[in-house]
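Breakdown of the fold
Here is how the chains run, residue by residue.
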Amino acid sequence: MWKKEIHKFLETNQIAFEVNQTLSVFEILYLPDFKLYLHLIDLNEFSSNSISITYFQDLSEKVNLQNQRIIHLWED
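This structure is a prediction, so every number in the text was calculated from the model and none was measured. (Residues numbered from 1 in each chain as written. Predicted model: local features only at pLDDT ≥ 70, side-chain atom pairs only at ≥ 80, totals over all residues. Heavy atoms only, no water.)

1. Some remarks on the overall build of the chain
- Counting its secondary structure elements, the chain contains three helices and four strands.
- Each helix (α) and strand (β) of the chain, taken in turn from the N terminus, gives the series α-β-β-β-α-α-β.
- By the compact-globule yardstick of 11 Å for 76 residues, the chain fits well, its C-alpha radius of gyration being 12 Å.
- For the C-alpha atoms alone, the extent of the chain along its principal axes is close to 35 × 30 × 20 Å.
- Every one of the 76 residues in the chain was classed for burial, and the buried ones make up 37%.
- For the chain, contacts bridging at least 24 residues in sequence account for 46% of all contacts bridging at least 6.
- Accessible area of the chain: about 5200 Å², with a carbon and sulfur share of 52%.
- Within the chain, the 11 negative side-chain charges are centred at a point lying 5 Å from the centre of the 6 positive side-chain charges. (Helix = DSSP H or I, 4+ residues; strand = E, 2+ residues; numbered from the N terminus. Rg over C-alpha atoms; globule rule 2.2 N^0.38 Å. Buried < 20%, exposed > 50% of the residue type's maximum accessible area, 1.4 Å probe, protein only. Contact = heavy atoms within 4.5 Å. Areas by Shrake-Rupley, 256 points an atom, 1.4 Å probe, with all protein chains shown as cover. Lys, Arg positive; Asp, Glu negative; His and termini not counted. Charge placed at Lys NZ, Arg CZ, Asp CG, Glu CD.)

See the structure below:
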C-alpha cells in the first residue's frame, strides 16, 4: 500500500521514475531526472530475508560510484 502511495505521488507530480528490481531484493525506484534511487524497504520483506550487516552500506557505495544517490526509505 505505501509503495503505491509513493508511485502515485511521483505520477501526480509528473516525476519520471522506473522500477528497478536488479540492484536489491527490495523495490527500487529510479528517478532519472535527479539521478536518484529510492530504495523502498518493506519491513515484512526485511524480516524474511537474511541481509548482511553491510548490505545497505554496500549498495550505497555501489550507487555512489556511478555518481548517483540513493535514499533508503523504510516502510515505518
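There is more to say after this.
2. Here's the deal with the pairing of strand β2 (residues 27-31)
- Among the five residues that make up β2, five are buried, leaving the element largely enclosed by the rest of the structure.
- On β2, burial covers both faces: Glu27, Leu29 and Leu31 on one face and Ile28 and Tyr30 on the other are all buried.
- Direction of pairing for strand β1 (residues 18-20) relative to β2: antiparallel, over a ladder of three bridges. In the strand pairing of β2, Glu18 is matched with Tyr30.
- The turn joining β1 and β2, which pair antiparallel and follow one another in sequence, is formed by six residues. (Pairing = 2+ DSSP bridges.)

3. Comments concerning the packing of aromatic side chains
- Summed over the entire model, instances satisfying the criterion amount to five aromatic pairs.
- On the numbers, 4.6 Å between centres and 40 degrees between planes, the contact of Tyr30 with Tyr37 is tilted.
- With a relative accessible area of 13%, Tyr30 lands in the buried category.
- When the centroid spacing of 5.3 Å and the interplanar angle of 50 degrees are considered together, the rings of Phe56 and Trp74 count as tilted. Here Phe56 is found in helix α3 (residues 55-65), whereas its partner Trp74 is found in strand β4 (residues 69-74), with 18 residues between them in sequence. (Phe/Tyr/Trp six-rings, centres within 6.5 Å; stacked < 30°, edge-to-face > 60°.)

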